[in-house]
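Below, each chain spelled out in residue letters.
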Amino acid sequence: MTLTETARGPAPDAELERHFEATIARNDRIEPRDWMPEGYRKTLVRQIAQHAHSEIIGMQPEGNWITRAPSLRRKAILLAKVQDEAGHGLYLYSAAETLGVSRLELTELLLAGRQKYSSIFNYPTLSYADVGTIGWLVDGAAICNQVPLCRTSYGPYGRAMIRVCKEESFHQRQGYELLATMMRGTDEQRAMVQESVDRFWWPALMMFGPPDADSPNTAQSMAWGIKRNTNDELRQKFVDMSVPQAEALGVTFPDPELRWNEERGHHDFGQPDWEEFMEGVKGNGPCNAQRMAHRRRAHEDGAWVREAATAYAAKQRKATA
Amino acid sequence: MSNLSAEGGHGAVPLQGVPTGEGVTPPEPEWPLWEVFVRGKRGLNHVHVGSLHAADDRMALLHARDVYTRRNEGVSIWVVRADAITASSPDEKDPMFAPSGDKVYRHPTFYDIPDNVPHM
């Protein structure tokens, strides 16, 4: 340290940064009006915004089946579930907005394809069994990711995650129950369930992201307390959870390498096709174009509603002024 | 694969090479932001639960109901325009809260009472 630096004292930013680091070290939460490093803020905006986009786009694969639900009971459940996904998107946009970006800006970035969403939603839903499989495996994987995020260092994100996790539990259970009902049905229905599980198993494993060795951001995100577990830790947890659930259901997973490893106390399993994953992220997944076209159309079709509500509010203000 | 990580809670999303919204001009004016407070049940205070956009106060209330109380989370909702709120900094080192930091005598634990004195 030079004499000049001592005389002047540390730069104001260094003082703020030390305070921020100390808050993280205490396992305390960072709140919106706190000073935070620009990298922390940007990482959070990207993560929360794209998490929100995932929830919003995530309404489509299942929404596709609402009009064709096999009973009124299933229809009511599916409607409630898809409505929850919209709600989750809104909790997350609300959290992102505390970081100084607006929902409309984030929506624009999604519509322009400049921000992404989870590649899991680029897979088609080909049968009603997919509604069950998405609830069981896709929402099950999301729960594995989201439960640790309840303790994330950024307060508004953690609070949104707590609300989301409470609701995801309903999503997973309704999916599992749907599949269990089909498994008690005909051979054809059982085959539908197995076929659906075969299609969604690998994409569900991809939801945790590339192996730790290929995830350079993980270390920084964990140091900041944004992320609490690595991709591979979460993936392992998900596999270990899912195997006994599959046995109880009477289905198998399409992985010849999947077996219990007594020594590790965990299941060994194969790697998903990471090339396929990267193509999905880049926008070349099976349904990317369809999902984005639908989202843009919904946004444009809703324009007159937004305009009308704005005009009505202005008129009311004038009347009471 | 080198610039991709899985921090997105609903599945892996890229965290580098993605814009964060600075410099994006929305093509339409955005509805104002409202902060939402919910009373969970009778006997409790209203608690802040999040925010939403709405064109006017009635729409804000209806949206708050749909977004924040789908499972009997509340018996009463307040919505307040976010720009109408005056806030302190939440930072605990804020001098705003210094006056209460050094007044230990305001707390009951400051006072020693003999163990044989009941109900105190």
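Look a little higher up for the structure.
Here goes a summary of the coordinates provided. Computed from a predicted structure; not experimentally measured. (Residues numbered from 1 in each chain as written. Chains lettered and ligands numbered in written order. Predicted model: local features only at pLDDT ≥ 70, side-chain atom pairs only at ≥ 80, totals over all residues. Heavy atoms only, no water.)

Looking at the overall build of chain A
Regarding its fold elements, chain A presents 14 helices and 2 strands. In terms of its C-alpha atoms, chain A occupies a principal-axis envelope of roughly 80 × 70 × 35 Å. Across the 321 residues that make up chain A, the buried fraction comes to 54%. Contacts spanning at least 24 positions in sequence make up 77% of the contacts within chain A whose residues lie at least 6 apart. Here chain A displays about 14500 Å² of accessible surface, and carbon together with sulfur accounts for 56% of that area. If you average the places of the 39 positive and of the 43 negative side-chain charges in chain A, the two averages end up 8 Å apart. (Helix = DSSP H or I, 4+ residues; strand = E, 2+ residues; numbered from the N terminus. Buried < 20%, exposed > 50% of the residue type's maximum accessible area, 1.4 Å probe, protein only. Contact = heavy atoms within 4.5 Å. Areas by Shrake-Rupley, 256 points an atom, 1.4 Å probe, with all protein chains shown as cover. Lys, Arg positive; Asp, Glu negative; His and termini not counted. Charge placed at Lys NZ, Arg CZ, Asp CG, Glu CD.)

Observations regarding the sheet that holds strand β4 (residues 46-53) of chain B
Residue and element names in this part refer to chain B. Strand order in the open sheet formed by 3 strands is β4-β3-β5, with antiparallel pairing between adjacent strands. On the outer flanks of this sheet lie β4 and β5 (76-81), each paired with one strand and no other. This sheet shows a mean twist of 25° between the axes of neighbouring strands, independent of strand direction. As defined by bridge partners, strand β3 (residues 33-39) adjoins β5 across 6 bridges and the pair is classed as antiparallel. (Pairing = 2+ DSSP bridges. Axes fitted to C-alpha atoms, helices over the stretch in contact; angles between N-to-C directions.)

Some words on the nonpolar core
Residue and element names in this part refer to chain A. One finds W136, L137, V193, F238, V251 and F253 to be the most contacted residues of the largest nonpolar core, which totals 50 residues. Among the elements that line this core, the one with the most residues is helix α7 (residues 129-149), at 9 residues. Not counting the four nearest positions on each side in its chain, F238 is found in contact with L137, G140, A141, C144, W201, A204, L205 and F208. Counting residues in each nonpolar core, the second largest holds 43 residues, with Y91, L149, M161 and A309 among its members. (Core = buried A, V, L, I, M, F, W, Y, C linked by side-chain atoms within 4.5 Å.)

Details of the interface of chain A and chain B
Counting residues at the interface gives 79 residues for chain A, matched by 49 residues for chain B. Roughly 5100 Å² of surface becomes buried between chain A and chain B when both sides are summed, with 56% attributable to carbon and sulfur atoms. Counting the surface chain A buries against chain B, the share from its top three residues, R33, L104 and N217 of chain A, is 12%. Between the two partners, chain A and chain B, sit 4 salt bridges. Across the pair R71 of chain B and E167 of chain A runs a salt bridge whose closest N-O atoms are separated by 3.3 Å. (Buried area = accessible area lost by both parts, 1.4 Å probe. Salt bridge = Lys/Arg side-chain N within 4 Å of Asp/Glu carboxyl O.)

A look at the packing of helix α3 (residues 38-57) of chain A against helix α8 (residues 155-183) of chain A
Residues and elements named next belong to chain A. In contact at an axis separation of 12 Å, α3 and α8 are set at 25° when each is read in the N-to-C sense. The angle between α3 and α8 falls in the class roughly parallel. Note on packing geometry: the crossing formed by α3 with α8 is left-handed. Within the contact between the two elements, α3 uses L44, Q47, I48, H51 and E55 and α8 uses Y157, M161, V164 and E168. Looking at side-chain class alone, the contact of α3 with α8 contains 5 nonpolar, 2 polar and 2 charged residues. (Parallel < 35°, antiparallel > 145°, perpendicular 65-115°, else oblique. Left-handed = near helix turned anticlockwise from the far one by under 90°. Nonpolar A, V, L, I, M, F, W, Y, C, P; charged D, E, K, R; others polar.)

Concerning the packing of aromatic side chains
A full pass over the atoms with the stated rule returns 13 aromatic pairs over all chains. Aromatic pair W201 of chain A and F238 of chain A: ring centres 5.8 Å apart, planes at 20°, arrangement stacked. Placement of the pair is W201 of chain A in helix α9 (residues 187-206) and F238 of chain A in helix α11 (residues 231-249), with a sequence separation of 37 residues. For the pair W201 of chain A and F238 of chain A, a shared accessibility class is recorded, and that class is buried. Taking 5.0 Å as the distance between ring centres and 85° as the angle between the ring planes, the aromatic pair formed by F110 of chain B and Y111 of chain B counts as edge-to-face. (Phe/Tyr/Trp six-rings, centres within 6.5 Å; stacked < 30°, edge-to-face > 60°.)

Examining empty space enclosed by the protein
Tallied over the full model, the rule gives 2 cavities of 30 Å³ or more. For the second largest cavity, the calculated volume is near 40 Å³. Taken together, L90, Y93, S94, E97 and R103 of chain A together with S51, L52 and H53 of chain B make up the full set of residues lining the second largest cavity. At the level of secondary structure, the elements contributing two or more residues to the lining of the second largest cavity comprise α5 (72-97) of chain A together with β4 of chain B. The element contributing the most residues to the lining of the second largest cavity is α5 of chain A, with 4 residues. Considering only residue class, the lining of the second largest cavity consists of 3 nonpolar, 3 polar and 2 charged. (1 Å grid on protein atoms, 1.4 Å probe; cavity = no way out; pocket = protein on both sides within 12 Å on 5 of 7 lines; lining within 4 Å. Points joined across faces, edges and corners; volume = space filled by probe spheres on them.)

Some points on helix α1 (residues 57-68) of chain B
Residues and elements named next belong to chain B. Taking 1.5 Å as the rise per residue, α1 with 12 residues should run 16 Å; its terminal C-alpha atoms sit 16 Å apart, in good agreement. M59, A60, A64, V67 and Y68 are the residues of α1 that are buried. Along the axis of α1, the buried residues cluster in a sector spanning 135°; they form a single face. The N-capping residue of α1, defined by a side-chain oxygen 3.3 Å from the backbone nitrogen of R58, is D56. (Expected span 1.5 Å × (residues − 1). Arc of directions from axis to C-beta. Polar contact = N/O pair within 3.5 Å; in protein donor to acceptor, adjacent residues only side chain to side chain.)

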